[in-house]
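Structural features, examined
This is what each chain is made of:
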Amino acid sequence: MPDSHETAPSDVDPSELDMSEGNAHEDSAATIKRDKQQRLEQLLQHPQILRADKAHAQTLLPTGFVELDRLLRGGWPAAALTEVFVERYGGGEISLLLPALRQRALSAGLIVWVSPPYTPYAPALTLAGLDLSRMLVVGATGNQDALWSIEQAAKSGVSVAVLGWAAAVSDHALRRLQLAAEQHGCWVLLFRPVRFVRGRSVAALRLRVSPQSGNGLQVRVLKNRIASPGCVTVLL
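These notes cover the structure that comes with them. Only a predicted model underlies this, so the values are computations on that prediction, with no experimental measurement involved.

Within the chain one finds 7 helices and 10 strands. Of all 236 residues assigned to the chain, the portion counted as buried reaches 39%. Excluding contacts between residues fewer than 6 apart, the proportion of contacts in the chain whose partners are at least 24 apart in sequence is 67%. Carbon together with sulfur atoms contributes 54% to the accessible area of the chain, which is approximately 13,600 Å² in total.

Here it is as structure tokens:
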């Protein structure tokens, strides 16, 4: 009668058992890696996340100024949020935009002005080649109302450009404007007092503009998704 403490002989080679366990671990690791890659790819498809490999694919709108186009690597981001900081309104910032606005107006759509500090000067816009019938001026009762109107105009699907004026703007509001611009292919420009320039922003482009002697305007690029910061002076 065999001893109950004796172990029955096995035909399994211990080395084969080790190899089987190793293969199982490799399969499990490969599955985990594949799942992580799939989840990462899904995350990168979120519209609020800009992938570096797609940054250069954004549509650019020539500024009409050779030096500025060179600094911006092609022009204004046509489907994104641009912040323009000024020391005082009416210092040439609109003149800087007129060549691009004229080109943008060639597309069927409206150019919307939300809460401008001054009534847009119709003769100057006509002289610049803009069709006044395609201009829409929207008043606002306050800062939050202005931000809401800018976002709605960008999301309307009929605006090719939205120019808005606001002071304090939260990170959340800036994200909403950037998202609306990207999703609806609208050029959104937000003019703000220079005292707010130190705040964080998801805007694709941030500028500070300052009038210079004569007809000069200094344009300082504070942030650009596709180029380095820099400074240039253009003649209007």
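And the narrative resumes.
At a closest axis distance of 8 Å, the pairing of helix α6 (residues 143–155) and helix α7 (residues 171–184) adopts a crossing angle of 15°. What the angle tells us is that α6 and α7 run roughly parallel. Where α6 crosses over α7, the two elements pack in a sense that is left-handed. Here Leu147, Ile150, Glu151, Ala154 and Lys155 of α6 lie close against α7, whose contacting residues are Ala173, Arg176, Leu177, Ala180 and His184. Residues belonging to the contact of α6 with α7 are distributed by class as follows: 6 nonpolar, 1 polar and 3 charged.

What follows deals with the pattern of salt bridges. A complete count under the given rule lists 7 salt bridges for this structure. Two residues, Asp171 and Arg200, come together in a salt bridge whose shortest N-O distance is 3.0 Å. Taken together, the residues Asp171 in helix α7 and Arg200 in the loop between β7 (187–193) and β8 (205–211) connect sequence positions 29 residues apart. For Asp171, a relative accessible area of 30% corresponds to the partly exposed category. Judged by relative accessible area, Arg200 falls into the exposed class, the value being 66%. Taken together, the shared-partner salt bridges connect Glu83, Arg192 and Arg206 into one network.

The next point concerns the pairing of β7. Counting buried positions along β7 yields 7 of 7 residues, so the element is predominantly enclosed. Side chains Trp187, Leu189, Phe191 and Pro193 of β7 all project onto a buried face; the interleaved residues Val188, Leu190 and Arg192 project onto the opposite face, where all are buried too. Note: strand β3 (residues 81–86) against β7, 6 bridges, orientation parallel. Within the sheet, the bridge partner assigned to Val86 lies in β7 and is Pro193. In this structure, strand β6 (residues 159–165) lies alongside β7, joined through 5 bridges in parallel fashion. Counterpart to Val162 in the pairing with β7 is Val188. A crossover links β6 with its parallel partner β7, the connecting element being α7, and its sense is right-handed.

Reading the values: rules and limits
- Position labels on residues start from 1 in each chain and follow its written sequence.
- Under the rules for a predicted model, residues below a pLDDT of 70 receive no local features and side-chain atom pairs below 80 are neither given nor counted, while totals for whole chains, interfaces and linings still include all residues.
- In computing side-chain properties, one takes all heavy atoms of the structure into account and sets aside hydrogens as well as water.
- Secondary structure is summarised from DSSP: a helix means a run of H or I of at least four residues, a strand means a run of E of at least two, and numbering begins at the N terminus for each.
- Using a 1.4 Å probe on the protein chains alone, a residue whose accessible area is under 20% of its type maximum counts as buried, one over 50% counts as exposed, and one in between counts as partly exposed.
- Only heavy atoms enter the contact rule, under which two residues are in contact if any of them lie within 4.5 Å.
- All accessibility values rest on the Shrake-Rupley procedure with a 1.4 Å probe; residue burial counts only the protein chains present in the view.
- Every axis in this analysis is a line fitted to C-alpha atoms, fitted for helices over the stretch in contact. Angles between the N-to-C directions lie between 0 and 180 degrees.
- Every angle not falling under 35 degrees, over 145, or within 65 to 115 is termed oblique; those three ranges are roughly parallel, roughly antiparallel and roughly perpendicular.
- In this scheme, a crossing is called left-handed if the near helix is turned counterclockwise away from the far one by less than a right angle; it is called right-handed if the turn is clockwise.
- Put simply, Ala, Val, Leu, Ile, Met, Phe, Trp, Tyr, Cys and Pro go in the nonpolar bin, Asp, Glu, Lys and Arg in the charged bin, and everything else, Gly too, in the polar bin.
- In what follows, salt bridge is the name for a side-chain nitrogen of Lys or Arg lying within 4 Å of a carboxyl oxygen of Asp or Glu.
- One requirement defines pairing of two strands: DSSP has to find at least two bridges between them.
- Note on handedness: a clockwise path from strand one over the helix to strand two, with the strands aimed away from the viewer, defines a right-handed crossover.

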